[in-house]
Each structure stands twice: as structure tokens, then as C-alpha cells.
Amino acid sequence: MKARNLIISSALSCLMVGAAHANWEYSGVYTGDGWYMDDGARFIVSVRGGASMGFGGIKNKMGALTGEYYYSPDNGAIVSAAYYKSCIDAGGCEGFEYAGMANLSELGATEDYSSFSFAAGASMGWTIPNTPQWRVELGWDHIAESDYNASPLFAGDLALDGGNVQGLTARIESGGAHSKLTADIFSVMAFYDFFDGLVKPTRQMIPYVGFGMGYADVKTVLNLTDLYGDLSLSAELQNYGELDQYDILQFYQSEKNTGTVAGLLAAGFSYGITESMFLDLGARLTYVPTVKWALTTKDGDRDRDWFNGDNMFWVNIMLGIRFEF
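Residue positions are given per chain, counting from 1 as you read along its sequence in written order. Local features in a predicted model are, by the rule used here, given only for residues with pLDDT of at least 70; side-chain atom pairs are given and counted only at 80 or more, and totals for whole chains, interfaces and linings are based on all residues. In computing side-chain values, all of the structure's heavy atoms are included and hydrogens and water are not.

Colleague: A description of the nonpolar core should follow, citing residues and the corresponding values.
Modeller: Within this scheme, the nonpolar core is defined by two criteria: the residues are buried Ala, Val, Leu, Ile, Met, Phe, Trp, Tyr or Cys, and they are joined through side-chain atoms within 4.5 Å. We call a residue buried when its accessible area falls under 20% of the maximum for its residue type, exposed when it is over 50%, and partly exposed in between, using a 1.4 Å probe and counting protein chains only. Membership of the largest hydrophobic core comes to 48 residues, with the highest contact counts inside it found for Leu-153, Leu-237, Trp-293, Trp-306 and Phe-307. Helix and strand labels come from DSSP, where a helix needs a run of H or I of at least four residues and a strand needs a run of E of at least two; each type is numbered from the N terminus. Among the elements that line this core, the one with the most residues is strand S13 (residues 176–193), at six residues. If we ignore the near neighbours within four places in the chain, the residues touching Trp-306 are Asn-60, Lys-61, Met-62, Leu-65, Leu-153, Phe-154, Leu-224, Leu-231, Leu-237, Trp-293, Ala-294 and Leu-295. Grouped together as the second largest cluster of nonpolar side chains are five residues, Tyr-70, Tyr-84, Cys-93 and Phe-96 included. Residues are treated as being in contact if the distance between any of their heavy atoms lies within 4.5 Å.

Colleague: Let's hear about the environment of Ile-317: which residues, and what values?
Modeller: Relative to the helices and strands, Ile-317 is located in strand S19 (residues 303–324). The class for Ile-317 is partly exposed, based on a relative accessible area of 45%. Sequence spacing of Ile-317 and Gly-268 is 49 residues, and the spatial spacing of their C-alpha atoms is 9.4 Å. Those residues in contact with Ile-317 that lie beyond four places of it in its chain are Gly-49, Gly-50, Ala-51, Gly-282 and Ala-283.

Colleague: Account for a nonpolar patch on the surface, naming residues and giving values.
Modeller: Together, Phe-43, Val-45, Met-124, Trp-126, Ile-128, Trp-134, Val-136, Leu-138, Val-188, Phe-211, Leu-265 and Phe-325 line one region of the surface with nonpolar side chains, adding up to about 1100 Å² of accessible area. Going through the elements one at a time, strand S3 (43–60), strand S8 (113–128) and strand S9 (131–150) are the ones with two or more residues in the nonpolar patch. For patch building, the residue pool is restricted to those with more than 30% relative accessible area and no salt bridge; the joining distance is 9 Å between like charges and 5 Å between nonpolar side chains (Val, Leu, Ile, Met, Phe, Trp, Tyr). Areas reported as accessible are Shrake-Rupley estimates using a 1.4 Å probe. Residue values count occlusion only from the protein chains shown. Here, a salt bridge means any side-chain nitrogen of Lys or Arg that lies within 4 Å of a carboxyl oxygen of Asp or Glu.

Colleague: How would you sum up the pairing of strand S10 (residues 154–159)? Please name residues and give values.
Modeller: Here, a strand pair is defined by DSSP locating no fewer than two bridges between the strands. Bridge count between strand S7 (residues 108–109) and S10: two bridges; the pairing is antiparallel. Bridging from a neighbouring strand, Gly-108 pairs with Ala-155 of S10. The sheet contact formed by S10 and strand S12 (residues 169–174) spans six bridges and is antiparallel. The partner of Ala-155 across the bridge, within S12, is Glu-173.

This is the structure in C-alpha cells:
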């Protein structure tokens, strides 16, 4: 009797385990009589990696700042006040006259941002029940370190005011920049997969498109140099560096984090290896309205905007693998 009860209990336990397994294996709605209807709902996990190309316009954001210049009537040379001072100290620059001041905030950037780097990301999400062509994913993408370098950083023709010589216009060049940029994008995206039915086909290319919004955390590291001596005599800027033996300001390495909204578009195709595993090759376009580069004090307790990247775009081409359970 005990043996029979043991056999019956064991059989019932197996049936319960089998039923629980079936409920996990075939997600859907129980319709009675032991049948399940698969509604196409799936939990999604994916990882990806590839290349990234970024580009955007660089805008002068140094604010109100003037440079002082001196003029040589003999050869028409115009030099900054810092270089004029060092030249006088060395016994040269005789005959130079005060040429006046120029508004450095009116100078334009000599180069826009354009750089290649690498990208990686991961997502998790769900396909919509009874409409599994639509899936919603929470994602993270990391854009690896890229460079923005320019020497000179800003340049242009500016009128000089207040000098001994009236009506002078000079070609002014200001600063040199060596900088790096990294970005993390956190997003919510909706994708549409082009297939019919409730279950994605295997051994077949499935095109998709996607769109979404997110939050971008972009870090910039700036090494600014005063190549032309027009920044070194500014009392305000001396808070952001130290004067060397030639009275040229050596700026501190500066870091700035920009947090802003981001817009995303995506397109690509997936290939079903099995019903739950897909290879994914796609392109993601990320738009960030602005990224800031700034000068910071030695302790980092104050910063001063120096230039921005406006209308920044990154195009990420990535290969990944997606699991749908």
C-alpha cells in the first residue's frame, strides 16, 4: 500500500513539474483542456558591439573676452600683448605700436567635430502580446573615447579698436585644443519587425526599424594651450592655469559632463538561428543637441564654458545577438 502511494505521489509530482515547464516554455494564455495559445509575447535580452562615427559643429562659447595686440609699421606684423611683452623683455620688438583690442568671442572654430571610435551596448525588453511585430526595449550604448583636436582652435579676421593706429583688421588665431570625448546613452526604443504571424521565422532575414528617446551623459576632457599668447594676460583666465617662466598660461586639464536628452533612430535586420536566438546587424543614429567643453580650476570647483559641439550625431554600426524567451 505504501509502495503504491509512493508511486502515485511520484507520478503526480512529475506531472506538476511537466506542467510548470510547459507554462514557461510556451508563454501565452491558458484556454482550457490542457491547451495553451502562444500570443507571441517574449522577454528580450541582447548585446551588441561595433564601430561609431561622430560628427557635429563646434561653436565658440568663451563669452566676453578681449585680446590686446601690438602692430609693427615696418612689416605689418600684429602680435598679442603677451608675446609683445616677452619680445620687449628679450630686447626686441622696437617700433611696435599699440594696435588695440579684439573681441575673441567672435572668432569661429577652424574644425568641426568628426571622429571614429567604437561602440557597444545592451538591451532588455518585451514583444507586445498578440502584436509581436512590435517590441519595446530599454537600452544602454557606450561610445568609446574619440578625439577632437584643433590648432588653432579659433581663427578669423577681427577689427581692432582703441589702438594708436585706426582701422586695423587683423587675422587673429587663438588657442589650441587637444580633447577627448566619451558618451553613454540610456534609451527607451520601440522596434517594428517586418514578419507575419505570431512567431518570428527562423533561417530568414527579418528587417526592422526603430525609434526612441533617451538620456545622454557625455564626458569631455580638454587640454587647452595658449599657442598665440592672447589668453595669458587675462586675470580671469589665470584661475584656470598657471603662468610659466615666459608668462604663458598653462591651463589645467579640464573635465566636463554634459547631461541632455537624446533622440534615436534605428534600422537593420535580424536572422533567426533558432526560435529564441537571433543575429542582429543594425545601424543606430543618435542625436544630442549640445555637448560642452569647459575650463576648470585646479580643484575642479569652478568651470567656464569654452566651446560647444552643437547638433552632435553618432552613427553606430553594430553586430549583436538577441535572445527572445
